[in-house]
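# Structural overview
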Amino acid sequence: MREIITLQLGQQSNYLATHFWNTQESYFTYSADDESPIDHDVHFRPGIGADGADTFMPRTVIYDLKGGFGTLRKINALYEIDDNAASSSLWPGQTVVQRQQPIEASAYQNSLDTGQIPPELTTSTVRYWSDFNRVFFHPKSIIQLSEYELNSTVMPYEKWSMGEELFASLDKEHDLLDRDLRPFVEEADQMQGLQVMTGIDDAWGGFASKYMERLRDEYGKAPIWVFGVQEPFGRLPREKRLLKLVNKARALAELNSQASLVVPLALPQNPLPSTVQLDPSSHWHVSALFAAALESVTLYTRLKTSDRVYSSNLANMTDLLNVFGKQTIANLEMSIIEPPKHHQNGNTNGNTNGLDARGEHVHSTHENGNGNGIDWEEDESESGSQKGVASLDIDLSSPQDLNLDSGWRRRKKRRIFSQVLTDRGLQNLERKGDDDLEAREWNTYGVRRRPKVHNYRSRVAFPIIDSYPAIFRDSSSGHAVRDHLSVQTALSTDSTVTDKVRALRSTVVRSIGLEDRETIGNELAEIADSYREGWSSGSDEDEDDD
């Protein structure tokens, strides 16, 4: 087995993770004749319920503030045990139990409980991430932190130091890794790694950084991928925006040295393509877009290993992306791939060459000008071929409020260290161009260049289930996409990180306390410089910011 343990830290990450778990649940098949291509053991653990029945629940630990779980109970229908506080109390006298008014379950949750057809969800009916949750969690997965309350106006959980201090106090009292995470790790036969979903622009960034220190001390060589979620700025006042950027800067500085890979996730400031229509004020909508990209870019880590052409693992992908050992921050992009427009005679040219999941024989099946928001870069560098590198039309690493205008990325040459392209959906297997890219991998002297692009492909489309918002549209009809979606993602380590980190440093360095300003400023500068190694500076050279 190759298990992945998940850590969910905070409200933003729990919206994202709920979409992720709902998608994993949709891959289950219940017929011997209908085998799933997904290895469910990667993310789900077997168990025994209160009635002796077999259970299958996510390998995850979920942290949230008081009030953040909504209608989700720690004890669910599969684990109905005595939760009477009075019966377990050491107090010999009479007890008085005071219970808070329970949150009323949504109509969607009620329909799941009764086996009826669920009503369509809307932004007004999704109040908490638990309102659209479709899976049962083990009681050990649910960890409520009662020291802070969700959306509190008296003591909002928004400053970096709050997260650091909260983790330190809880860990000192309980040893969080031993209490919360270790039971899941010890169940794994051969743990592939950990994936951490966390907010990085609020106090959860401080909580996550301290958690990562403990994780790295305990599991030194294990691959740990961090997906850092950021809230859209919207109409936030300037001081709130600056606070979020300061939190993000601290998070990147800390996580860069601890994580195997850090993938920041932010809603692009530039207009989204016509195939995506969402409400930026809705966590349910924004996290759905993030989830489609995250679930697609990690698909190869849970495909069954019986088909080694497609399956891979976190360790292998980390090695492919972090070429020089210093490029920990990766950019995530995605495009929605629409069905190809067939000619009148119905003929299409296709090529379904096999792929090596280890990235050794790299083929691409993409066609310039296909109308699917893919921009192919055709420059070369001394370090190897840049041909075949893709720039997709939804950049989820897009910087927020960093004084970088919309043309900053195209004015400079984007230098790719490594890029992992993931294609999913039937039509993604039917595009042409493999032979052309294969020829590009050889230089004029017949020597094979080190590949920059590592392509993974699967017929498993992204499922559009009833808990997922209708944010994707068909460009021809304008109607919502139903059932499934073909997606392409690109996870890249490239030189644009230099510009983003330098701009972030310039924006926030004077807002950081004097005791940390020099340290964090230097760490951000080192991160920026690490994405220049191997390239000639030339016209790309930037001036340092004080």
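Definitions and cut-offs
Residues numbered from 1 in each chain as written. Predicted model: local features only at pLDDT ≥ 70, side-chain atom pairs only at ≥ 80, totals over all residues. Heavy atoms only, no water. Core = buried A, V, L, I, M, F, W, Y, C linked by side-chain atoms within 4.5 Å. Buried < 20%, exposed > 50% of the residue type's maximum accessible area, 1.4 Å probe, protein only. Helix = DSSP H or I, 4+ residues; strand = E, 2+ residues; numbered from the N terminus. Contact = heavy atoms within 4.5 Å. Expected span 1.5 Å × (residues − 1). 1 Å grid on protein atoms, 1.4 Å probe; cavity = no way out; pocket = protein on both sides within 12 Å on 5 of 7 lines; lining within 4 Å. Points joined across faces, edges and corners; volume = space filled by probe spheres on them. Nonpolar A, V, L, I, M, F, W, Y, C, P; charged D, E, K, R; others polar. Axes fitted to C-alpha atoms, helices over the stretch in contact; angles between N-to-C directions. Parallel < 35°, antiparallel > 145°, perpendicular 65-115°, else oblique. Left-handed = near helix turned anticlockwise from the far one by under 90°. Pairing = 2+ DSSP bridges. Phe/Tyr/Trp six-rings, centres within 6.5 Å; stacked < 30°, edge-to-face > 60°.

### Comments concerning the nonpolar core
The biggest cluster of nonpolar side chains holds 62 residues, and the ones touching the most others in it are Leu 265, Leu 289, Met 334, Leu 396, Tyr 468, Phe 472 and Leu 491. Residue assignment for this core shows that the elements contributing at least two residues are α1 (11-26), β7 (224-229), β8 (261-265), α7 (283-297), α8 (314-321), β9 (331-337), β17 (462-464) and β18 (483-494). No other element matches the ten residues that α7 contributes to this core. Those residues within four positions of Tyr 468 in sequence are excluded, and the remaining contacts are His 19, Trp 284, Ala 288, Leu 289, Ala 292 and Phe 462. In this structure, Leu 176, Val 196, Val 508 and Ile 512 belong to the second largest nonpolar core, which totals 57 residues.

### Notes on helix α11 (residues 496-508)
In a regular helix each residue adds 1.5 Å, so 13 residues correspond to 18 Å; α11 covers 19 Å between its end C-alpha atoms and thus fits that length. The element α11 is largely enclosed, with a buried count of eleven among its 13 residues. Residues of α11 that are buried include every one of Thr 496, Val 497, Thr 498, Asp 499, Lys 500, Val 501, Arg 502, Ala 503, Leu 504, Arg 505 and Val 508, and no others.

### Here we look at the layout of surface pockets
Of the volumes computed, that of the second largest pocket is approximately 1,000 Å³. Taken together, 41 residues make up the lining of the second largest pocket; nearest its centre are Glu 231, Pro 232, Leu 236, Lys 244 and His 283. For the lining of the second largest pocket, the elements supplying multiple residues, two or more each, are α1, β4 (60-66), α6 (238-258) and α7. Here the lining of the second largest pocket gets five residues from one element, more than from any other, and that element is α6. Considering only residue class, the lining of the second largest pocket consists of 17 nonpolar, 13 polar and eleven charged.

### Describing the packing of α11 against helix α12 (residues 514-530)
Two numbers describe how α11 lies on α12: the axes approach to 8 Å, and their chain directions differ by 165°. Relative to α12, the element α11 is oriented roughly antiparallel. Judged by the twist between their axes, the crossing of α11 over α12 is left-handed. Where α11 abuts α12, its residues Thr 498, Val 501, Arg 502 and Arg 505 lie against Gly 521, Leu 524, Ala 525, Ile 527, Ala 528 and Asp 529. The residue makeup of the contact of α11 with α12, split by class, is five nonpolar, two polar and three charged.

### Here's the deal with the pairing of strand β16 (residues 453-458)
The two faces of a sheet get side chains in turn, since along a regular strand they alternate between them. Within β16, six of the six residues are buried, which leaves it mostly tucked inside the rest of the structure. Of the two faces of β16, both are covered, the one formed by Val 453, Asn 455 and Arg 457 as well as the one formed by His 454, Tyr 456 and Ser 458. Examined bridge by bridge, strand β15 (residues 416-424) and β16 share six bridges and lie parallel to one another. Bridging from a neighbouring strand, Arg 424 pairs with Ser 458 of β16.

### A closer look at the packing of aromatic side chains
Geometry of an aromatic ring pair is reported as the spacing of the ring centres plus the angle between the planes. A complete count under the given rule lists 22 aromatic pairs for this structure. With 5.9 Å between their ring centres and 20° between their planes, Phe 44 and Phe 56 make a pair best called stacked. You can see Phe 44 sitting in strand β2 (residues 44-48) and its partner Phe 56 sitting in strand β3 (residues 54-58), a full twelve residues away along the chain. What makes Phe 56 partly exposed here is its relative accessible area of 32%. Residues Tyr 63 and Phe 207 carry aromatic rings whose centres are separated by 5.8 Å and whose planes lie at 55° to one another, so their mutual orientation is tilted. Note that Tyr 63 is positioned in strand β4 and Phe 207 in helix α5 (residues 203-218), a separation of 144 residues in sequence. With respect to class, Tyr 63 is no different from Phe 207; both count as buried. An aromatic cluster of at least three residues, connected via ring pairs, comprises Tyr 63, Tyr 148, Tyr 157, Phe 167, Trp 204, Phe 207 and Tyr 211.

### With respect to the pairing of β18
Along β18, ten of the twelve residues are buried, which leaves the element largely enclosed by surrounding structure. Relative to β18, β15 is paired through eight bridges, and the arrangement is antiparallel. Of the residues in β18, the one forming a bridge with Leu 421 is Ala 490. Pairing between β17 and β18: three bridges, direction antiparallel. Across the sheet, the residue bridging to Ile 464 is Asp 483, located in β18.

### What to know about the sheet that holds strand β6 (residues 193-199)
Sheet architecture is open: six strands sit in the order β5-β4-β1-β6-β7-β8, paired in parallel fashion. The strands lining the two open edges of the sheet, one partner per strand, are β5 (142-149) and β8. Strand-to-strand twist of the sheet, defined as the mean angle between neighbouring strand axes without regard to direction, takes the value 15°. Both β4 and β5 contribute to a ladder of five bridges, which runs parallel. By the bridge assignment, Tyr 63 is partnered in β5 with Ile 143. The sheet contacts of α5 involve β1 (4-9), β4, β5, β6 and β7, and relative to β6 the element is tilted by about 165°.

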